[in-house]
Amino acid sequence: MEKFGQLSAKACPLMLPNLNTDQILPARYLKWPRSKGLGSVLFQDLRLDGNGNEREDFLLNQPSWHGCKILLAGRNFGGGSSREAAVYALCDHGFRCIVAPSFGDIFAQNAVKNGLLTAVVSEGDIAEIAAVVSRDPERPVLVNLVQQVIVCGNRTYAFDIDPVSRNQLVNGWDDVDLTENYRERISKFRAGDEIQRPWAAPAKSRRKS
Amino acid sequence: MNEPQTVIDKLWSSHEIVRREDGACLVWIDRHYVHEGSFHAFSQMKARGRAIAEPGLTFGIADHYVPTRRAEPIANPEIAAMVRNFEANAAESDIMLFGLRDPRQGIVHVVGPEQGLTLPGLTIVCGDSHTSTHGAFGAYAFGIGASEVAHVLMTQTLWQKKPKSMRITVNGTAAPGVGAKDIALAIIAHVGADGARGHAIEFSGNAIRGLSMEGRMTLCNMSIEAGGRLGIVAPDKKTFAYLKGRPFAPNADLFDRAVEAWSTIVSDPDASFDREVSLDGGAIAPIVTWGTTPDDALPIDGQVPDPACEADPARAKYLREALDYMAIEPGKKLTEIAIDRVFIGSCTNSRIEDLRAAAAVLAGRVSKVPGLVSPGSSTVKRQAEEEGLDRIFRDAGLEWADSGCSMCVGINGDIVPPGERCASTTNRNFRGRQGPGARTHLMSPAMVAAAAVSGRLADVRPLLAGRKA
């Protein structure tokens, strides 16, 4: 996985609260393969009106926000369904970082696995950042993961992220590669557990030891 | 003396293989359920040139995309391809498959328990947020995304950080006509849709103990709608009785040994939780949702909020937008809201007890709106037919279909048409959840039946007078 150090980019102040994964990526696009790219259907039902035309009042449709890589969102971003394709849609659209007062647990886990940073800031701080970029969309916002700060205008805001996720993003760790280092420990656990909890195996298992 | 432990502590420590300095732990996974939507994970595994680690602990169950009218071949080519692709992945990885034509097919979260695959003390994962359902058995069960599904396929383990713990105690006795769904919605309304974020929940108290296994599944299922990572009910005699003799549950002597081990999966008396919440079960009335998040839930005798009476401008804005999407006038009485259709099904409420509860209201009555009933599994379907429940639904004018996720997530083609209002036993009332522009009201199966015969949201209690609920 690509390491995440720092990012300087335009930040779109979408700011809507409770944007669950059904809003980020409606279920009817879940059968699309990743190779097709999901960026074009990100926020599809918020982006288009009932007739399939782009809604002018939806920020990501406005030219000012083209090319933004940071999304400023309201609280509880990414709650609901575990669909990782919601993260694919954000990444494929070009986002590298979502800033919000809180995130759905599964969404935040999925994000880190795809190198997407979820930065938690207070309601007050995000409102200030949103106010600055709303006035001046071209002004880049700097996100530094090593120092855990966001720099916007002449102010610096600290953000929270789970230390495990931070380590993974900063180092570009890949879970499967990491787990390889523990193969022996896993085998040992499995062997001991079979003796400890013989009832845990499915009765009709075709498992061969 | 050892520190007193919660159920969550006990299940966690029995599965931890490695603990890193930053708090990440490698945990062993006892059961892995996969479905048609898991295709990203199989692709990731193949892209790495890897194979499945433990096919014997992985079970494939077709539910998300399967049509609920089983005409063959599947008419929609995209949906047919999803089902075929799943069958091919399962065959290639030597995974036992409960496929479209299997008599045991159904919704993952109904089939797992029904087959005795779900057991107390297990870690259970699936690429579906409602995996929390299995916590009803005292299992540590949670939903994961595709990358984690791929990791489990390749290693049978996951990197996880132990969540904070929260105990939700519901004491008292639920009144007649009030079921697990009402308790779940009452909890969600109380703590908020993200109130349990970052927490594993243990449900306790008389009202929870009083629930059947089906009821406990409904409750744990909706832990995620309270923002929780998972929900657990400590196993007891009801749990053991439910599991005894199930096809994949331990048999003969091993079952007794298992019960002995399972009986220790309780929180120690002095164990402390990061958060405690309690509710009076006797005070809970039948509940419906009115808005676009599950915590927009109110007792049926209430009225929807009026944004003009809301002091907080952000909240007032939300209320206006939600009421606008739902096409409901501010302050309207819930029982005055007319509906266009009903749906009974989903991993939340499609088990035999749910169908019986709906049928008890519908018997001898006619639905004023069209509706679909999709049993939680093919097994539930057969049992309902043996009990004559299908006749009651059909005589009431509802369609009796096959099993799958169906109109809860709408990806198999069962959708609520744009602008229509549906009284639904499902778990999410999000905008567009049941189809673009669909308007969803969540409630119990009995309350959906009451809405069906009334043509509007309605209190089930008067309709149960003189009947055996």
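Reading guide: rules and limits
Going along each chain's sequence as written, the residues are numbered from 1 onward. Following the order in which they are written, the chains are lettered starting with A and the ligands numbered starting with 1. A pLDDT threshold of at least 70 governs which residues receive local features in this predicted model, and a stricter bar of 80 or more applies before side-chain atom pairs are shown or counted, although totals over entire chains, interfaces and linings include all residues. Only DSSP runs of H or I covering at least 4 residues are called helices, and only runs of E covering at least 2 are called strands; the numbering of each starts at the N terminus. Here the globule rule is a power law, 2.2 Å times the number of residues to the power 0.38, and the radius of gyration is based on C-alpha atoms. Put simply, a residue is buried when 20 or more other C-beta atoms lie within 10 Å of its own C-beta and exposed when 12 or fewer do; between those, it is partly exposed, and each C-beta is set from the backbone. We call two residues in contact if the C-beta atoms placed from their backbones are at most 7 Å apart. When DSSP finds two or more bridges between two strands, those strands count as paired. A fitted line through C-alpha atoms represents every axis, and for helices the fit uses only the stretch in contact; the resulting angles, taken between N-to-C directions, go from 0 to 180 degrees. Ten residue types, Ala, Val, Leu, Ile, Met, Phe, Trp, Tyr, Cys and Pro, are classed as nonpolar, four, Asp, Glu, Lys and Arg, as charged, and the remainder, Gly among them, as polar. Put simply, angles under 35 degrees are roughly parallel, angles over 145 are roughly antiparallel, angles from 65 to 115 are roughly perpendicular, and the rest are oblique. What makes a crossing left-handed is the near helix being turned counterclockwise from the far one by less than a right angle; a clockwise turn instead makes it right-handed. In this scheme, a helix's expected span is set at 1.5 Å multiplied by one less than its residue total.

## Things to note about the overall build of chain B
Phase 1 of the analysis: The helix and strand inventory of chain B stands at 15 helices and 19 strands.
Phase 2 of the analysis: A compact globule built from 469 residues would reach a C-alpha radius of gyration of about 23 Å, and chain B, at 22 Å, matches this within 12%.
Phase 3 of the analysis: Taking the principal axes of its C-alpha atoms as reference, chain B extends roughly 60 × 55 × 45 Å.
Phase 4 of the analysis: Buried residues in chain B amount to 63% of all 469 residues.
Phase 5 of the analysis: Residue pairs in contact within chain B that sit at least 24 positions apart in sequence constitute 77% of those at least 6 positions apart.

## A short note on the sheet that holds strand S2 (residues 11–13) of chain A
All names here are of chain A.
Phase 1 of the analysis: If you trace the four strands from one edge of the open sheet to the other, you get S2-S3-S4-S5, paired in parallel fashion. The two strands at the open ends of the sheet, each matched to only one other strand, are S2 and strand S5 (117–120). For this sheet the average axis-to-axis angle between neighbouring strands, irrespective of direction, equals 20 degrees.
Phase 2 of the analysis: The pairing of strand S3 (residues 70–72) with strand S4 (residues 97–100) spans three bridges and is parallel. Looking across to S4, one finds that Ile 70 is bridged to Cys 97.

## Quick word on the interface of chain B and chain A
Phase 1 of the analysis: Contacts between the two partners involve 59 residues from chain B, matched on the other side by 46 residues from chain A.
Phase 2 of the analysis: Breaking the side of chain B that touches chain A down by element, the ones donating at least two residues are strand S1 (16–19), strand S2 (24–28), helix H3 (77–92), helix H5 (146–155), strand S8 (157–161) and helix H10 (253–262) of chain B.
Phase 3 of the analysis: The leading source of residues in the side of chain B that touches chain A is H5 of chain B, at six residues.
Phase 4 of the analysis: Its residues placed into classes, the side of chain B that touches chain A shows 25 nonpolar, 20 polar and 14 charged.

## Quick word on the packing of helix H6 (residues 180–191) of chain B against helix H8 (residues 213–221) of chain B
Residue and element names in this part refer to chain B.
Phase 1 of the analysis: Remark: H6 packs on H8, axes separated minimally by 8 Å, with the N-to-C direction vectors making an angle of 25 degrees. When the axis of H6 is compared with that of H8, the two are roughly parallel. Judged by the sense of rotation from one axis to the other, the crossing of H6 with H8 is right-handed. Touching Ala 180, Lys 181, Ile 183 and Ala 184 of H6 are Gly 215, Thr 218 and Leu 219, all from H8.
Phase 2 of the analysis: A class-by-class count of the residues in the contact of H6 with H8 yields four nonpolar, two polar and one charged.

## Quick notes on H6 of chain B
Residue and element names in this part refer to chain B.
Phase 1 of the analysis: Its twelve residues give H6 an end-to-end C-alpha distance of 17 Å, which sits within 8% of 16 Å, the value for a rise of 1.5 Å per residue.
Phase 2 of the analysis: For H6, a buried count of eleven out of twelve residues is recorded, marking the element as mostly surrounded by other parts of the structure.
Phase 3 of the analysis: Listed as buried for H6 are Ala 180, Lys 181, Asp 182, Ile 183, Ala 184, Leu 185, Ala 186, Ile 187, Ile 188, Ala 189 and Val 191.

## Considerations on unusual backbone geometry
Residue and element names in this part refer to chain B.
Phase 1 of the analysis: One non-glycine residue, Ala 252, lies in the positive phi region at around 50 degrees.
Phase 2 of the analysis: Along the chain, Ala 252 turns up in the loop between helix H9 (237–243) and H10.
Phase 3 of the analysis: According to the C-beta neighbour criterion, Ala 252 is exposed, with 8 such atoms within 10 Å.
Phase 4 of the analysis: A positive phi angle is found at Ser 346, which is not glycine, with a value near 85 degrees.
Phase 5 of the analysis: In this structure, Ser 346 sits in the loop between strand S15 (341–344) and helix H12 (352–362).

## Describing the sheet that holds strand S16 (residues 371–373) of chain B
Residues and elements named next belong to chain B.
Phase 1 of the analysis: Pairing is parallel across the open sheet formed by five strands, whose spatial order is S17-S16-S15-S18-S19. In the strand order of this sheet, the two ends are held by strand S17 (399–400) and strand S19 (439–442), each with one partner.
Phase 2 of the analysis: By the bridge criterion, four bridges tie strand S18 (residues 421–424) to S19 in an arrangement that is parallel. The residue of S19 that forms the bridge with Cys 422 is Thr 440.
Phase 3 of the analysis: Strand contacts of helix H15 (residues 445–454): S15, S16 and S18, with the helix running at about 155 degrees to S15, the strand carrying the most contacts.

None of this, on its own, says anything about what the molecule does.
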